[in-house]
Amino acid sequence: MPTNLLEGIEFTTEQKELFARFKKDMKIPDDAPFDSVQDDIAVYRFLSGKKWVYQDAVDQYQAMLKYRKDDDVDHIEEWIKANPETVDLIEALYPQTQRGFDRDGRPVSIQMFGRVPAKRFVKLVSVEDHRKYHIYQMEKLMESCRNQTLKLGRPVYKTIAIVDLEGIGIEARYFYPFLKDMASMDNQNYPEFIHRVYCVNAPWIFPTLYGLAKPLLDPETKRKIQVVPRKPQKVLATLKQDFELEKINIKYGGKESTPLPELRGVEVKEGHEHEKEEQKIQAGETLEISRELGDPKGGRVMWGYHVESHDVKFGVEWKGKKEKKASVLLDIDAPKDLESHGSQSVKTAGVLTIKFTNTSNESRLIKFTAIAYSATLLDTNRAIYESKAKEKAAKEKAEKVKAGKEKAEEQKAEQAKTTKAK
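Please read all numbers here as calculations on a predicted model, not as lab measurements. (Residues numbered from 1 in each chain as written. Predicted model: local features only at pLDDT ≥ 70, side-chain atom pairs only at ≥ 80, totals over all residues. Heavy atoms only, no water.)

(A) Region of interest: the nonpolar core. Counting residues in hydrophobic clusters, the biggest one holds 52 residues, and the most contacted among them are Phe113, Phe121, Leu165 and Phe175. Residues in contact with Phe175, not counting those within four places in the same chain, are Tyr94, Phe113, Val116, Ala118, Phe121, Val122, His130 and Met182. (Core = buried A, V, L, I, M, F, W, Y, C linked by side-chain atoms within 4.5 Å. Buried < 20%, exposed > 50% of the residue type's maximum accessible area, 1.4 Å probe, protein only. Contact = heavy atoms within 4.5 Å.)

(B) Quick look at the pattern of salt bridges. Following the criterion strictly, the structure yields 29 salt bridges and no others. Across the pair Arg21 and Asp25 runs a salt bridge whose closest N-O atoms are separated by 3.6 Å. Of this pair, Arg21 and Asp25 both sit in helix H1 (residues 13–25), four residues apart, which is roughly one turn of that helix. Overall, the relative accessible area of 37% leaves Asp25 in the partly exposed class. Glu220 is the partner of Lys51 in a salt bridge, and the nearest nitrogen-oxygen pair spans 3.8 Å. Highlighted residues: Lys51 in the loop between helix H2 (40–49) and helix H3 (54–70) and Glu220 in helix H10 (residues 219–223), separated in sequence by 169 residues. The network of salt bridges with shared partners includes Asp164, Glu166, Arg230 and Lys251. (Salt bridge = Lys/Arg side-chain N within 4 Å of Asp/Glu carboxyl O. Helix = DSSP H or I, 4+ residues; strand = E, 2+ residues; numbered from the N terminus.)

(C) Representation of the pairing of strand S13 (residues 364–374) in the model. Most of S13 sits out of view: eight of its 11 residues are buried. Sheet topology note: the strand S6 (residues 277–281)/S13 ladder contains five bridges and is antiparallel. By the bridge assignment for S13, Glu277 is matched with Phe368. Alignment of strand S8 (residues 299–307) against S13, held across nine bridges, turns out to be antiparallel. Pairing of His306 across the sheet is with Lys367, part of S13. (Pairing = 2+ DSSP bridges.)

(D) Summary view of the sheet that holds S8. As summarised here, the arrangement of the four strands in space is S6-S13-S8-S11, forming an open sheet in which the pairing is antiparallel. The open sheet has two edge strands with one neighbour each: S6 and strand S11 (339–346). For this sheet, the mean angle separating the axes of adjacent strands, direction not counted, is 25 degrees. In terms of strand pairing, S8 meets S11 through eight bridges, oriented antiparallel. Opposite Met302, over in S11, you have Ser343 as the bridge partner. (Axes fitted to C-alpha atoms, helices over the stretch in contact; angles between N-to-C directions.)

(E) Inspection of the sheet that holds strand S12 (residues 350–358) at higher detail. If you trace the four strands from one edge of the open sheet to the other, you get S7-S12-S9-S10, paired in antiparallel fashion. The strands lining the two open edges of the sheet, one partner per strand, are strand S7 (286–293) and strand S10 (327–330). On average, each strand axis in the sheet is inclined to that of its neighbour by 25 degrees, with strand direction left out of account. The pairing of strand S9 (residues 312–320) with S10 spans three bridges and is classified as antiparallel. Residue pairing across strands places Glu317 opposite Val328, the latter belonging to S10.

(F) Focus on the environment of Asp72. In this structure, Asp72 sits in the loop between H3 and helix H4 (76–82). For the pair Asp72 and Ile135, spaced 63 residues apart in the sequence, the C-alpha separation amounts to 10.0 Å.

(G) The environment of Tyr385, seen in detail. Within the element layout of this structure, Tyr385 appears in helix H12 (residues 375–421). Sequence separation of Tyr385 and Trp303 is 82 residues, and the distance between their C-alpha atoms is 25 Å.

(H) Examining a positive patch on the surface more closely. Together, Lys119, Lys123, Arg173 and Lys297 make up a positively charged patch on the protein surface. Within the secondary structure, Lys123 is located in helix H6 (residues 118–124). Given the relative accessible area of 54%, Lys123 is considered exposed. (Patch = residues over 30% accessible without salt bridge, like charges linked within 9 Å, V, L, I, M, F, W, Y side chains within 5 Å. Areas by Shrake-Rupley, 256 points an atom, 1.4 Å probe, with all protein chains shown as cover. Lys, Arg positive; Asp, Glu negative; His and termini not counted. Charge placed at Lys NZ, Arg CZ, Asp CG, Glu CD.)

(I) View of unusual backbone geometry. Positive phi, normally seen in glycine, also occurs at Lys51, with a value near 55 degrees. In this structure Lys51 comes out as exposed when scored by relative accessible area, which is 59%. You will see that Trp52, though not glycine, has its phi angle at about 65 degrees, which is positive. Turning to its location among the elements, Trp52 is positioned in the loop between H2 and H3. Residue classification places Trp52 among the buried residues on the basis of a relative accessible area of 15%.

(J) The arrangement of helix H9 (residues 206–213) in detail. Listing the buried residues of H9 in full gives Phe206, Leu209, Tyr210 and Ala213. Angular distribution of buried residues about the axis of H9 spans 100 degrees; they occupy a single face of the element. Away from the buried face of H9 by more than 90 degrees, exposed residues Pro207 and Thr208 are located. Turning to H9, the residues buried within the fold contact helix H8 (176–189), strand S4 (194–202), H10 and strand S5 (225–229). (Arc of directions from axis to C-beta.)

(K) Quick peek at the packing of H1 against H2. At their nearest, the axes of H1 and H2 sit 11 Å apart, and the two run at 115 degrees to each other. By the criterion of interaxial angle, the relationship of H1 to H2 is roughly perpendicular. Crossing angle aside, the handedness with which H1 passes H2 is right-handed. Between H1, through Leu18, Phe19, Phe22 and Lys23, and H2, the contact on the second element is made entirely by Asp40, Val43, Tyr44 and Leu47. (Parallel < 35°, antiparallel > 145°, perpendicular 65-115°, else oblique. Left-handed = near helix turned anticlockwise from the far one by under 90°.)

Quick look at the structure:
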């Protein structure tokens, strides 16, 4: 572990003693890895976060170790890789990114929270899945802090968050369970991790919404939050506390031009557009693959298949939640091509089942897709696309009006010039 992790941080004699005692009692070896859990910066964060009240820091540290074990934090990246569709859904509906550093080298996260369609988000994403995603984001920030510490040769252990509230409305209250989970987890397990939170482009309704979230926040975190109204000059002046102009995005009046993340719909692919799964089906075997659709409003189910020969039969059934018998969408005994796909809109929750029967005397390779898109997801996509279309039309109209005014001003100036010449 680097020896200069705490360079520049001053300790009293009593604090040095508590620091050494903490490491001994928590059985942290002197050669502990630089992992934001056992290193000296981690110890300092927990002790200073509890104002050097020893037992409070010990209790919080032990609770953090339990959290990391219970949530399998050390393997969180494996969960991310194993759940690409869930990750894509969260990122499509909650635009956010980790980008750049402030003037002192702290990592920065940017969250377009005002754009989150909260009422739809809570129907499509579980608190548990979002918790996993949030853990991943927090661990990425911790890793970035470690990298900055090594690069700059001084301790970097705090971060900055820019939370853009443009577009937020009363609907944001539906996000409360997610905020509660994040706040509880962060307060307990990531002390002294926030340098400042900029809540920019705050509309008139934000104080009401903030009032709901405020009780969830640690007093020290509340002190670090700066709420900035939707006034471009005010936003820029506030961000310049921690950033050079070149590091501030052009949306906030700076010169950094990388596009910020945007709300987007979840890509809905047809059955043939999905990568097919493969499986061997033995001679005489019947194989069934099911996909559950839990939305009471139904949605759209899709399927696709590829078989090597006509002696492998394929069929599709749909069974609504309240139906006693499944409906045949594709008769397994009907003649078919070796490869095809299809889809069906459904109006209730239920189960899509695709079936293969191998009538040959040999095993066969089959390829298939079975997808179920909920009505809520499809409606959310539609709402997002419609909203984007309206915003684009409004922007084009504003640009057209601006161009018209500029042209009128030019003509007026030209006429004045001509009149003066006469």
